[in-house]
Amino acid sequence: AKLHGDPLVVKRNRLPSGGGQNIISDEEALERWVDRSGGPDACWPWTDSVIKGGYGRVRGAGRDGVYAHVLAYETWVGPIPEGWQVDHLCHNRELWCVPTECKHRLCCNPAHLEPVTGAENLRRAGRRRHEHRAYLAAHQQDSEGREVA
């Protein structure tokens, strides 16, 4: 099993324009493509590759396809229990978030991330959908966040 900080485990990412020639570390990838300009309490969005569904995706040797928020948690906090997922706590706080354009899926701030079981992540997602619909109804907005007359 891979352990966080294991010196025998080398994690590397390709630069987007490097064609595989320029290899950088996970730490450097996070430094380059995570915008921390909002300060320690703000969301820190991933600014590189984004997949369908709105999640940041790391491209690179050995880590191709890993979610940016997962890489951020593993790098800055530590290992995620096997079989667990990383939930965005910032998403839970903002009910106005439009699901089709959720900015929270790009957040890599470790203070906004929590490892949870798959079942807990699904439970929270269901609760968020219910709360979001209730918020839209109370504020008379459609599913895209536009005011309804």
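Here the structure is a predicted model, which means the values were calculated and not measured.

Draft legend 1. Structural view of the overall build of the chain. Across its full length, the chain holds four helices and four strands. Going residue by residue from the N terminus, the α and β elements of the chain occur as β-β-α-α-β-α-β-α. Pairs at least 24 residues apart make up 52% of the contacts formed inside the chain by residues separated by at least 6 positions. Carbon and sulfur atoms make up 51% of the accessible area of the chain, which amounts to about 8800 Å² in all.

Draft legend 2. Inspection of the confidence of the model for the chain at higher detail. On average, residues of the chain score 77 in pLDDT, and 64% of them are at 70 or above. Here strand β1 (residues 12–14) stands out as the element of the chain with the lowest mean pLDDT, 45, in contrast to strand β4 (residues 113–116), whose mean of 96 is the highest. Within the model, the stretch residues 1–18 combines pLDDT values under 50 with 47 contacts to residues more than four positions away or in other chains.

Draft legend 3. Up close: the nonpolar core. Within the largest apolar cluster, 19 residues are counted, with the highest numbers of intra-cluster contacts made by L30, V34, W46, V58 and C108. For this core, the secondary structure elements donating two or more residues are α1 (26–33) and α2 (68–76). When residues in this core are grouped by element, the largest group, five residues, is from α2. In contact with W46, not counting residues within four places along its chain, are A29, L30, W33, V34, G56, R57, V58, A68, L106 and C108.

Draft legend 4. Just the side chain of S49, in detail. Take S49: it is sitting in the loop between α1 and α2. Leave out the neighbours within four places in its chain, and S49 touches Y55, G56, R57 and R59.

Draft legend 5. Examining the pattern of salt bridges more closely. Counting across every chain of the model gives six salt bridges. Note that R123 is salt-bridged to E120, the shortest N-O span being 2.6 Å. Residue R123 and its partner E120 are located together in helix α4 (residues 118–139), separated by three residues, close to a single helical turn. Given a relative accessible area of 21%, E120 falls into the partly exposed group.

Draft legend 6. Structural detail: the packing of α1 against α2. Running from N to C, α1 and α2 cross one another at 120 degrees; their axes reach a closest spacing of 10 Å. As the angle between them shows, α1 and α2 are arranged oblique. Handedness of the crossing formed by α1 with α2: left-handed. Within the contact between the two elements, α1 uses D26, E27 and L30 and α2 uses A68, L71, A72, T75 and W76. Taken together, the residues of the contact of α1 with α2 sort by class into five nonpolar, one polar and two charged.

Draft legend 7. Seen up close, the environment of Y73. Tracing the sequence through the fold places Y73 in helix α2. On the basis of relative accessibility, which here comes to 12%, the residue Y73 falls in the buried class. Linking Y73 and H112, residues 39 residues apart in sequence, is a C-alpha distance of 9.6 Å. When sequence neighbours within four positions are dropped, the list of residues in contact with Y73 reads G78, P79, I80, L113 and P115.

Reading the values: the criteria
Residues numbered from 1 in each chain as written. Predicted model: local features only at pLDDT ≥ 70, side-chain atom pairs only at ≥ 80, totals over all residues. Heavy atoms only, no water. Helix = DSSP H or I, 4+ residues; strand = E, 2+ residues; numbered from the N terminus. Contact = heavy atoms within 4.5 Å. Areas by Shrake-Rupley, 256 points an atom, 1.4 Å probe, with all protein chains shown as cover. pLDDT = per-residue confidence, 0-100. Core = buried A, V, L, I, M, F, W, Y, C linked by side-chain atoms within 4.5 Å. Buried < 20%, exposed > 50% of the residue type's maximum accessible area, 1.4 Å probe, protein only. Salt bridge = Lys/Arg side-chain N within 4 Å of Asp/Glu carboxyl O. Axes fitted to C-alpha atoms, helices over the stretch in contact; angles between N-to-C directions. Parallel < 35°, antiparallel > 145°, perpendicular 65-115°, else oblique. Left-handed = near helix turned anticlockwise from the far one by under 90°. Nonpolar A, V, L, I, M, F, W, Y, C, P; charged D, E, K, R; others polar.

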